Amino acid sequence: MNTNERKIVTLDRAAILTDARRELGKLDMPSRRLFGKRLLTLGGLSMLTGCSITDEASVNTFLTAVSRLNDRVQAWLFDPHQLAPTYSEAQITRPFPFNAFYSVDEAPVVDGGSYRLKLSGLVTGQRVWTLPELYTLPHAEQITRHICVEGWSAIGRWGGTPFAGFLRRVGADTSAKYVGFRCADDYYESIDMATALHPQTLLAFDYDGERLPAKYGYPMKLRMPTKLGYKNPKHIVEIFVTNTYPGGYWVDQGYNWFGGS
Ligand SMILES: Nc1nc2c(c(=O)[nH]1)N[C@H]1C(S)=C(S)[C@@H](COP(=O)(O)O)O[C@H]1N2
Ligand SMILES: [Mo]
């Protein structure tokens, strides 16, 4: 028994390990093998994360560190060329569910005429975009599955412009680590650059052949079939490129940042 392990005997080892396992359990098989049984002990994990687990506060620090470890493994496993499954029109879930941190009648009402999308951070084209300008960009459609951590998934159809092309057009530094989003409803998110450049990552203006209604994120959302629902920001008003970790609305409350699906 090392010093750390001796200190944690008074804490509920089983419960902490269950939480840590749940965090790592979001990973798929190759990474589970990577973390083989030996490392999934508290001693092994605290060594990997560099945390000593001695009290409540350090349990939280430890679990956050496990989550960031999970981010790094997911980023490492992420295949930028691997496509998420696509579906047929007939498989679309109708009606498509709404979800947000408020109820549907509280969805922000954004005025399309005065709307301006702001581009900031590590981009040479720091400027604002009007909706008519954005609507002239190359168009793509996808029918993909949206998976929410609250326990539902649904197939929907989104249309918009491939995000990689948009980032290149605005002169984004694609060697930067993060793309961050600010939303009209105080939501915020950030994603890794590899996912931002993934061919199925779409700056979506349409839902099922129509402009996005307010509930699904008017005037635009980022649609990523490779990420869980909460990583897909609706009502985007600002996009920024940065090397400083920006966090996210749910991520800052303990959800895993990478959030792969
Ligand atoms: N701006 C904003 N974006 C958001 C959210 C939100 O509350 N506000 N909720 C997220 C969550 S948890 C989910 S599951 C999806 C729901 O998208 P939908 O309403 O199109 O189904 O939006 C995500 N993006
Ligand atoms: Mo969600």
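The structure presented is a predicted model; accordingly, all values stated were derived computationally and were not measured.

Looking at the UniProt feature "domain: Oxidoreductase molybdopterin-binding" (unreviewed entry) in the chain
Residues given the UniProt feature "domain: Oxidoreductase molybdopterin-binding" (unreviewed entry) here are residues 108-250. Taken end to end, residues 108-250 has its terminal C-alpha atoms 19 Å apart, with 11% of it in helix and 39% in strand.

Some remarks on the pattern of salt bridges
Summed over the entire model, instances satisfying the criterion amount to 11 salt bridges. Measuring nitrogen to oxygen at the nearest pair gives 3.1 Å for the salt bridge that ties D19 to R22. Here the residue D19 and the residue R22 both occupy positions in helix α2 (residues 13-25), the gap between them amounting to three residues, near one helical turn. Looking at D19, the relative accessible area reads 33%, which means it is partly exposed. Ionic pairing is found between E89 and R157, a salt bridge with its closest N-O pair at 3.8 Å.

Notes on the sheet that holds strand β6 (residues 188-192)
Taken in spatial order, the five strands line up as β2-β1-β10-β5-β6 in an open sheet, and their pairing is mixed. Strand pairing shows two members of the sheet lacking a second neighbour, β2 (128-129) and β6, which therefore form its edges. As judged from the four bridges shared by strand β1 (residues 117-121) and strand β10 (residues 236-242), these two strands associate in the parallel manner. Looking across to β10, one finds that K118 is bridged to E238.

Some points on the side chain of Q200
You can see Q200 is positioned in the loop between α8 (193-196) and β7 (202-207). Apart from residues no more than four positions distant in its own chain, Q200 is found in contact with L83, A84, T86, Q142, T144, R223 and P225.

What to know about the layout of surface pockets
Of the volumes computed, that of the second largest pocket is approximately 370 Å³. Along the wall of the second largest pocket there are 25 residues; nearest its centre are N99, A100, G229, Y230 and K234. Breaking the lining of the second largest pocket down by element, the ones donating at least two residues are β3 (140-148) and β4 (152-162). Looking at the lining of the second largest pocket, its residues break down into 16 nonpolar, five polar and four charged.

A short note on the domain arrangement of the chain
Parsing the chain into structural domains produces domain 1 (3-77) and domain 2 (89-253). A separation of 32 Å is found between the C-alpha centroids of domain 1 and domain 2.

Concerning the packing of aromatic side chains
By the definition in use, this model includes 24 aromatic pairs. With 6.4 Å between their ring centres and 75 degrees between their planes, W257 and F258 make a pair best called edge-to-face. Neither residue differs from the other here; W257 and F258 are each classed as buried. Three or more aromatic residues link up through ring pairs in this structure, and these residues are F98, F101, Y102, Y187, Y188, Y230, Y249, W250 and Y255. Taking the ring centre of Y135 as reference, the NZ or CZ of R211 above it sits at 3.4 Å. It is K227 that lies over the ring of F258; its NZ or CZ is 3.5 Å from the centre.

What counts, and at which threshold
- Residues numbered from 1 in each chain as written.
- Chains lettered and ligands numbered in written order.
- Predicted model: local features only at pLDDT ≥ 70, side-chain atom pairs only at ≥ 80, totals over all residues.
- Heavy atoms only, no water.
- UniProt positions renumbered as here; feature names shortened; annotations may be inferred.
- Helix = DSSP H or I, 4+ residues; strand = E, 2+ residues; numbered from the N terminus.
- Salt bridge = Lys/Arg side-chain N within 4 Å of Asp/Glu carboxyl O.
- Buried < 20%, exposed > 50% of the residue type's maximum accessible area, 1.4 Å probe, protein only.
- Pairing = 2+ DSSP bridges.
- Contact = heavy atoms within 4.5 Å.
- 1 Å grid on protein atoms, 1.4 Å probe; cavity = no way out; pocket = protein on both sides within 12 Å on 5 of 7 lines; lining within 4 Å.
- Points joined across faces, edges and corners; volume = space filled by probe spheres on them.
- Nonpolar A, V, L, I, M, F, W, Y, C, P; charged D, E, K, R; others polar.
- Domains from an automatic or database assignment.
- Phe/Tyr/Trp six-rings, centres within 6.5 Å; stacked < 30°, edge-to-face > 60°.
- Lys NZ or Arg CZ within 6 Å of the ring centre and 35° of its normal.

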